[in-house]
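Read off the chains here:
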Amino acid sequence: MTLVRSAVAAALAATSASALSVHPLAAIRPAPSTSKSTCLRLGDRDDISDYGREKQSSELDTLVSKRDQIRKAKLANTKPDDDAPKLDAMSDEEIQAMFAKKEKSSEEGGEGGGDAGMDIDDLFSKDYVPDFKTRRAGGGRGLSSGEAGKELRDPDAEEEEAEKAAMFVDWEEDYEDENEFHIVNRIGVSTAEWGSAKAGFSSGKLKKKDRRAGKFNKTDLKKAYEKLQQNGISFVEASESNPLAEAFLQKFMDECDHGDNAKGPLVASAFPNPWKHALKSKSLPRRGAGAVVSAAEAACDRMGVSSMALYQVNNPWYYLGGSNALAEGLLDVISDDHARYVGCVDWSASRLAKLQRKLRAQGEFVATAQFDFSLTNRKNAGMIEACKKLGITPVCTNVLDGGLATGKYTSTNPTGGEVSKGEGDTGPYAVRKLEKLDALFRAQSGLIDKVNGRIGDRLMKIESGQAPRINRDITSTQIAINYIRAKGAVPLVPVDNVKMANELLGCLGWDLSDEDVEELDKACKSCGL
């Protein structure tokens with residue numbers, strides 16, 4: 001914190017009052033990149049907001065009429081600006097307490113009970129949530145699937161299986177609670193570990209024993225990326241903080257066969273915390289709306305795309321220029337076509353509500369909010385419901401909680417079935433900690449047979465030869481991942497090799513029922529989570 005305070009003091013000393021008073025729109029911004037796009041383009045569904053009309057560019061002038069119609073339609077359903085959401089006046093602690101109280105009162109009162117708790121719907125009643133309607137054809141819940149997640153073979157067997165796989169993917173599948181930003185199969189891939197030696201990355205060739213030890217190289221990343229893109233998982237998140245991952249992603253987008261996914265990947269990137277970036281780059285903190293736009297344009301250039309599907313802003317702590325500058329920067333990112341949608345990473349519910357209100361006033365919206373959540377790390381459970389009330393898609397990271405939520409490590413199997421590293425090796429977690437989670441791990445294990453049976457019954461009703469390839473060897477890891485999807489959120493999972501790609505694809509084609517989710521929730525509660 002001493003370093004951060006020093007950076008803040010240096011930045012404020014170097015930034016004159018006159019510089020801070022200049023309106024962000026007065027800054028000169030470079031023209032958008034014209035490099036070839038390899039990501040999803042929305043074509044005639046690209047509803048750019050009325051905000052861009054201020055730029056008076058010849059390219060946007062042709063869209064004025066279209067924008068005006070969209071703006072009028074949206075304003076007809078938008079409440080006045082002074083009708084602020086009640087969240088604005090609440091602290092994060094109050095919001096968390098409110099959700100906890102609501103959950104407790106619902107449990108005590110049962111169905112129709114819980115009146116003693118605060119009504120969440122009433123809390124958000126003044127915060128207009130637009131009724132997003134997608135225009136993708138052929139909605140409905142088709143059978144989309146990945147391969148069985150039973151890959152315990154050597155890499156050669158995995159590669160051979162990868163060549164044989166025949167998948168059925170419904171690229172147009174809709175979800176009732178999603179907003180306009182459609183994430184195929186409601187699941188995504190994180191590139192956070194790409195290029196990280198700590199995670200096991202190696203720049204050279206690898207032997208089988210190296211891969212069995214968890215190491216991976218560029219070839220493994222490329223095969224995993226291609227496998228996922230061809231079979232229904234197209235959302236990929238990169239970050240300016242990991243330039244090597246962006247470089248790999250650019251190369252893979254150009255070289256890989258995307259199969260039926262003709263539109264290419266849904267690419268996302270993020271604007272890093274300006275203070276952390278300043279310390280890392282030994283420069284002044286970024287400030288103003290122009291910094292957000294420049295960073296988004298640079299991200300497009302690094303990944304070789306003309307536009308991203310999503311651009312996110314990490315929690316800035318305190319942003320020089322204020323929240324208005326951030327909002328204007330995000331609007332400029334959209335109107336300059338650097339990204340079609342914008343989102344936030346690790347923001348509180350109250351700050352999200354305020355930013356959402358500012359963007360809605362200009363005809364746009366916050367599409368996603370990213371935060372940690374898993375079966376074993378539930379401190380952000382209230383954020384999922386808050387996001388839904390605000391019309392925001394929750395995106396969850398660390399969904400396996402470093403491996404703890406996989407159910408692989410238990411009090412009776414603390415090493416997870418792996419060979420002991422020596423005398424006294426009891427695995428990555430203390431046995432006492434695992435004992436406290438026994439009820440949850442038993443629930444995960446119990447659901448495996450239940451879900452497998454349900455899938456078998458479903459496939460028996462389909463004519464022979466027409467049934468899609470659906471995973472019938474469910475793992476406890478897949479139960480943990482699909483628990484996030486069942487909660488209405490998008491799990492963002494690191495994938496480094498084909499084995500992990502198959503594990504993730506094995507989550508497709510089936511869902512946890514409401515009863516399954518309730519069973520897991522009760523198990524979590526009994527474990528004190």
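Residues numbered from 1 in each chain as written. Predicted model: local features only at pLDDT ≥ 70, side-chain atom pairs only at ≥ 80, totals over all residues. Heavy atoms only, no water.

On to the overall build of the protein chain, then. A count of helices and strands for the protein chain gives 20 helices and 8 strands. For the protein chain, long-range pairs separated by at least 24 residues make up 78% of all intrachain contacts whose partners lie at least 6 apart in sequence. Split by element, the accessible area of the protein chain, about 25,000 Å² in all, is 50% carbon and sulfur. (Helix = DSSP H or I, 4+ residues; strand = E, 2+ residues; numbered from the N terminus. Contact = heavy atoms within 4.5 Å. Areas by Shrake-Rupley, 256 points an atom, 1.4 Å probe, with all protein chains shown as cover.)

The next thing to look at is the packing of helix H17 (residues 438–460) against helix H18 (residues 476–486). Direction vectors running N to C along H17 and H18 enclose 90°, while the axes themselves pass 9 Å from each other. In terms of orientation, H17 lies roughly perpendicular with respect to H18. Contacts between H17 and H18 involve Gln444, Leu447, Ile448 and Val451 from the former and Ser476, Ile479 and Ala480 from the latter. The residue inventory of the contact of H17 with H18, partitioned by class, reads 5 nonpolar, 2 polar and no charged. (Axes fitted to C-alpha atoms, helices over the stretch in contact; angles between N-to-C directions. Parallel < 35°, antiparallel > 145°, perpendicular 65-115°, else oblique. Nonpolar A, V, L, I, M, F, W, Y, C, P; charged D, E, K, R; others polar.)

Below, the discussion takes up the environment of Ala480. With respect to the helices and strands, Ala480 occurs in helix H18. Judged by its relative accessible area of 0%, Ala480 is buried. C-alpha of Ala480 to C-alpha of Val399: the two residues are 81 residues apart in sequence and 7.5 Å apart in space. Among residues more than four places away in sequence, those in contact with Ala480 are Leu375, Leu400, Ala405 and Gln444. (Buried < 20%, exposed > 50% of the residue type's maximum accessible area, 1.4 Å probe, protein only.)

Applying the stated criterion across every chain yields a total of 12 salt bridges. Where Arg340 meets Glu180, a salt bridge forms, and the shortest distance between an N and an O atom there is 3.4 Å. Residue Arg340 is found in strand S5 (residues 339–345), and its partner Glu180 is found in the loop between helix H7 (155–164) and strand S1 (188–190); the two are separated by 160 residues along the sequence. Comparing Arg340 with Glu180, the two get one shared label, buried. Here the salt bridges do not stand alone but share partners, grouping Glu180, Arg340 and Glu364 into one network. (Salt bridge = Lys/Arg side-chain N within 4 Å of Asp/Glu carboxyl O.)

Across soluble globular proteins, nonpolar side chains show a tendency to be buried alongside one another. Judged by nonpolar contacts, the single largest core of 99 residues is most densely connected at Leu249, Met308, Tyr311, Leu352, Ile479, Leu504 and Leu520. With sequence-adjacent residues up to four places away left out, Leu504 is seen in contact with Ile187, Gly188, Val189, Leu228, Ile233, Ile481, Val493 and Val495. Counting 13 residues, the second largest nonpolar core, distinct from the first, contains Phe181, Leu310, Val490 and Leu492. (Core = buried A, V, L, I, M, F, W, Y, C linked by side-chain atoms within 4.5 Å.)

Turning our eyes to something else, we now look at the packing of aromatic side chains. A full pass over the atoms with the stated rule returns 11 aromatic pairs. Ring geometry for Phe201 versus Phe248: centroids 5.7 Å apart, planes at 50°, classification tilted. Of this pair, Phe201 sits in the loop between S1 and helix H8 (208–212) while Phe248 sits in helix H10 (residues 243–255), and the two are 47 residues apart along the sequence. A residue is classified by how much of its surface remains accessible, and Phe201, at 15% relative accessible area, is buried. Judged by its relative accessible area of 9%, Phe248 falls in the buried class. Ring-pair connections join several aromatic residues into one group, and the members of that group are Trp194, Phe201, Phe216, Tyr225, Phe248 and Phe252. Here the basic side chain of Arg340 rests over the ring of Tyr341, its NZ or CZ set 4.7 Å away from the ring centre. The ring centre of Trp347 lies 4.7 Å from the NZ or CZ of Arg351, which sits over that ring. (Phe/Tyr/Trp six-rings, centres within 6.5 Å; stacked < 30°, edge-to-face > 60°. Lys NZ or Arg CZ within 6 Å of the ring centre and 35° of its normal.)

Another point: the sheet that holds strand S4 (residues 308–314). What the 8 strands build is a closed barrel, ordered S1-S2-S3-S4-S5-S6-S7-S8; its pairing is parallel. On average, each strand axis in the sheet is tilted by 30° relative to the strand beside it, whichever way the strands run. Bridging between S4 and S5 involves 6 bridges; their strand directions are parallel. Note on S5: the bridge partner recorded for Leu310 is Tyr341. (Pairing = 2+ DSSP bridges.)

To continue, consider the packing of helix H12 (residues 288–303) against helix H13 (residues 322–335). Between two packed helices, the angle of one axis relative to the other and the distance separating the axes together describe the packing. Axis separation between H12 and H13 bottoms out at 7 Å; the angle between their running directions is 35°. In this structure, H12 crosses over H13, and the sense of that crossing is right-handed. Note on element contacts: H13 touches H12 through Ala325, Leu326, Glu328, Gly329, Leu330, Asp332 and Val333, opposite Gly288, Ala289, Val292, Val293 and Ala296. Here the contact of H12 with H13 is composed, by residue class, of 8 nonpolar, 2 polar and 2 charged. (Left-handed = near helix turned anticlockwise from the far one by under 90°.)

Before going further, it helps to examine the side chain of Ser190. Locating Ser190 in the fold gives a position in strand S1. Polar side-chain contacts of Ser190 include one of 3.1 Å to the backbone nitrogen of Ala192. Once residues within four sequence positions are removed from consideration, Ser190 is found in contact with Glu237, Leu492, Val493, Pro494 and Val495. (Polar contact = N/O pair within 3.5 Å; in protein donor to acceptor, adjacent residues only side chain to side chain.)

Let's shift gears to the pairing of strand S8 (residues 490–494). With 4 of its 5 residues buried, S8 lies for the most part within the structure. Taken together, the 3 bridges between S1 and S8 define a ladder with parallel strand orientation. Paired with Gly188 across the bridge in S8 is Leu492. Two elements, strand S7 (residues 393–397) and S8, share 2 bridges in a ladder whose sense is parallel. Bridge pairing in S8 places Cys396 opposite Pro491.

Taken across its 11 residues, H18 has 10 buried, putting it largely inside the fold. Of the positions making up H18, those classed as buried are Ser476, Thr477, Gln478, Ile479, Ala480, Ile481, Asn482, Tyr483, Ile484 and Arg485. Lining the buried residues of H18 we find S7, H17, S8, helix H19 (498–505) and helix H20 (514–526). After H18 finishes, the residue Gly488 shows a positive phi value of roughly 90°.

Turning to the confidence of the model for the protein chain, a few remarks are in order. When the pLDDT values of the protein chain are averaged, the result is 76; 65% of them are 70 or greater. Confidence drops under pLDDT 50 across residues 75–85; counting only partners more than four residues distant or on other chains, this segment forms 15 contacts. Note that residues 106–153 has pLDDT below 50 and, in this model, 132 contacts with residues that lie over four places away or in other chains. (pLDDT = per-residue confidence, 0-100.)

Let's shift gears to the environment of Ala327. Structurally, Ala327 is set in helix H13. Owing to a relative accessible area of 5%, Ala327 belongs among the buried residues under this scheme. Residues Ala327 and Ala289, 38 residues apart in the sequence, show an inter-C-alpha distance of 7.6 Å. Those residues in contact with Ala327 that sit more than four places away from it in its chain are Leu355, Lys358 and Leu359.

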